[in-house]
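Architecture at a glance
Each chain, letter by letter, is given below.
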Amino acid sequence: MFQTTILARKRRRPEATLSQGHDKVKFRDVILYLVERRMGKSRRNFLSNLARSKGFCVDDSLSDHVTHVVSEGNTAQELWNWLEEHDLKKPHDKHVLNISWFTESMSAGQPVPVEMKHHIPNPAVERRSFPCTSTNPTSSVSPFACKRRTTLDNHNKSFTDVLEVLAENFEFSGNQGPCLAFRRAASVLKSLPATLRRPGDMEHLPCLGEHSKAIIEEIFECGSCSKAEEILNDERYQTLKMFNSVFGVGIKTAENWYCRGLRTFEQVLTEPNVRLNRMQTAGFLFYEDISRPVSRAEANALKVLIEEAVTCVNPSANVYITGGFRRGKDFGHDVDFIIRTPVPGQEDGLLQAVIDRFRSQNILLYSDFQESTFDLKKLPSCRFEAMDHFHKCFLIVKLRREQVLEEKETDEERQRDWRAVRVDLVAPPIERFAYAMLGWTGSTLFERDLRRFARLERGKLLDNHVLYDKATKTFLPAQTEEDIFTHLGLEFIEPSERNA
Ligand code: CTP
Ligand code: MN
Ligand code: MN
């Protein structure tokens, strides 16, 4: 099979080098020209043939009807000097692009939309229109969170905190649209390498609608935002936020309680018509502990506990921290773990055994085990936002103080020798590990945009289980997260850069 591919390519090469050969042109609006200078003749031939085999039209000479000029390794200055020597009628009507646009397009199997970061601008024109280009770090920010590198270093916290309060308030009133718009705006600001200094700095940023811009302008003017202050002092907002902070209490339940006139936990717990489910009961029982952030030292101690339990059942299994801690956060509302078993089928029964062991060790305070409903035949599902189908469990466990190294304890904490912690475990089949790891690492907005990008820009469907190519109707295999990014024609984004 490998050999026939080589033979087929060899046979096609000589004619394809000089003309479009027998490859059918699929994209008539795009005429490529690859600059040989620095790229070299053989690489240029190789790339030209690759593009032609995918239905692109590649011209061997630079003429007026070329639409996309692709260059590799040239400085902007030498490239534009060379282009201007060609006496083209309108050199500035062409897209002059670096190789990244070409690579992404090859991987997508179609021309991807040209973005700022693909462009090689003419230095002479740049100097004329943007006198301070080098101090304009915001000109190439992508509207997709999965193309931005967002570390925990937020230089715009004074703006993002406000935007997130507004987002949360819309979430509480069931307005998903504006909620997402404010979340996106905050996320873009989180990715910036520097603090916004003046309203003009917002000019080239994506995802900032007029409302977000108005809020930011107000903060520039007054140092605060009146709408956000109003929300923070609003009784309804405060009460919903408090109810929603209980494990098992979603926004619907919080709202229901508020509408019944309930305002405090005590009122909820003494109201005869309120029936708490098992999860909510545990949520109230351990409220104080589990509403206190979990530290990294505590997360590491839990990892040891889980490793002991897991390897007791299966010595070849591995435990990885995922979620916020994998993104480098120092504190989390829970600790997320993914278990990797090297042989298909070994994931079955594993979580149940971990739960049983915790119970026998008397450290299990709550467990909700969900058996796998994973079935490749039922995928891809159209509900790509839905929960995944792997074996998983949501736990509350007792973490003993002596198990936590580097623990700094306060007097009041010393009275008890343990604390309750929320733990999530997931055990996917080995061939699904990379997708599950990518999906559980988050952040939520990063995941959302990764899926949106796959669907809108690449015609592919991504979720915690699979990557599916709609054009070829095939599932794309991946052993690692890197494989998934490569299938999507995206630069790899480290977990620590996914804090969108
Ligand atoms: N997740 C998921 N399927 C679930 C539960 C969670 O894919 N059934 C994903 C979420 O989308 C998120 C990640 O797992 O991207 C971690 O979820 P969560 O623990 O809620 O958030 P963290 O980012 O870890 O934040 P925190 O530190 O507050 O826990
Ligand atoms: Mn988490
Ligand atoms: Mn979690």
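Residues numbered from 1 in each chain as written. Chains lettered and ligands numbered in written order. Predicted model: local features only at pLDDT ≥ 70, side-chain atom pairs only at ≥ 80, totals over all residues. Heavy atoms only, no water.

1. Considering the site of ligand 1
Around ligand 1, the surrounding shell holds 16 residues, and the nearest of these are Gly324, Lys329, His333, Asp334 and Met387. Contacts to ligand 1 include Gly324, whose backbone N or O atom sits 2.8 Å from an oxygen atom. Here an oxygen atom of ligand 1 sits 2.7 Å away from a polar atom, N or O, in the side chain of His333. For ligand 1, the protein covers 78% of the area, taking 590 Å² as the surface of the free molecule. Only α16 (323-326) and α19 (433-441) provide two or more residues apiece to the shell around ligand 1. (Near = heavy atom within 4 Å. Polar contact = N/O pair within 3.5 Å; in protein donor to acceptor, adjacent residues only side chain to side chain. Areas by Shrake-Rupley, 256 points an atom, 1.4 Å probe, with all protein chains shown as cover. Helix = DSSP H or I, 4+ residues; strand = E, 2+ residues; numbered from the N terminus.)

2. A word on the domain arrangement of the protein chain
Each domain of the protein chain was delimited in the assignment, giving domain 1 (27-128), domain 2 (145-232), domain 3 (235-285) and domain 4 (294-497). Just the C-alpha atoms count here: the centres of domain 3 and domain 4 sit 28 Å apart. Contact residues are listed per partner, giving 4 residues for domain 3 and 5 residues for domain 4. The junction of domain 3 with domain 4 conceals about 450 Å² of combined surface from both sides, 68% of it contributed by carbon and sulfur atoms. Among the residues domain 3 hides against domain 4, the three largest losses belong to Phe247, Arg278 and Met279. Together they make up 84% of the total. (Domains from an automatic or database assignment. Contact = heavy atoms within 4.5 Å. Buried area = accessible area lost by both parts, 1.4 Å probe.)

3. Regarding the coordination of the manganese ion (ligand 2)
For the manganese ion (ligand 2), the full set of protein donor atoms is Asp334 (OD) and Asp336 (OD), and the range of their distances to it is 2.1 Å. A gap of 3.6 Å separates the manganese ion (ligand 2) and the manganese ion (ligand 3), which Asp334 links by coordinating each metal. Considered together, Asp334 and Asp336 belong to a single accessibility category, that of buried residues. (Donors = N, O, S within 2.8 Å, 3.2 Å for Na, K, Ca; no water. Buried < 20%, exposed > 50% of the residue type's maximum accessible area, 1.4 Å probe, protein only.)

4. A few points about the pattern of salt bridges
Considering all chains together, one arrives at 35 salt bridges under this definition. Lys147 is the partner of Glu104 in a salt bridge, and the nearest nitrogen-oxygen pair spans 3.6 Å. You can see Glu104 sitting in helix α4 (residues 99-108) and its partner Lys147 sitting in the loop between α5 (123-129) and α6 (157-172), a full 43 residues away along the chain. Residue classification places Glu104 among the buried positions, given a relative accessible area of 8%. In this structure, the salt-bridge partner of Asp449 is Arg184, at a minimum N-O distance of 3.3 Å. Taken together, the positions of Asp449 in helix α20 (residues 444-458) and Arg184 in helix α7 (residues 176-190) put the pair 265 residues apart, joining distant regions of the chain. Accessibility classification places Asp449 together with Arg184 in one group, the buried group. Three or more residues are tied together by salt bridges with common partners; here these are Glu104, Glu115, Lys117, Lys147 and Arg458. (Salt bridge = Lys/Arg side-chain N within 4 Å of Asp/Glu carboxyl O.)

5. Points about the sheet that holds strand β4 (residues 95-98)
In space, the 4 strands of this open sheet follow the order β2-β1-β3-β4, with parallel pairing throughout. Of all strands in the sheet, those with a lone pairing partner are β2 (57-58) and β4, marking the two edges. Helix-sheet contacts for helix α3 (residues 76-84) involve β1 (31-34), β3 (68-71) and β4, and the interaxial angle to β4 is about 145°. Contacting β1, β3 and β4, α4 runs over the sheet at an angle of about 85° to β4. (Pairing = 2+ DSSP bridges. Axes fitted to C-alpha atoms, helices over the stretch in contact; angles between N-to-C directions.)

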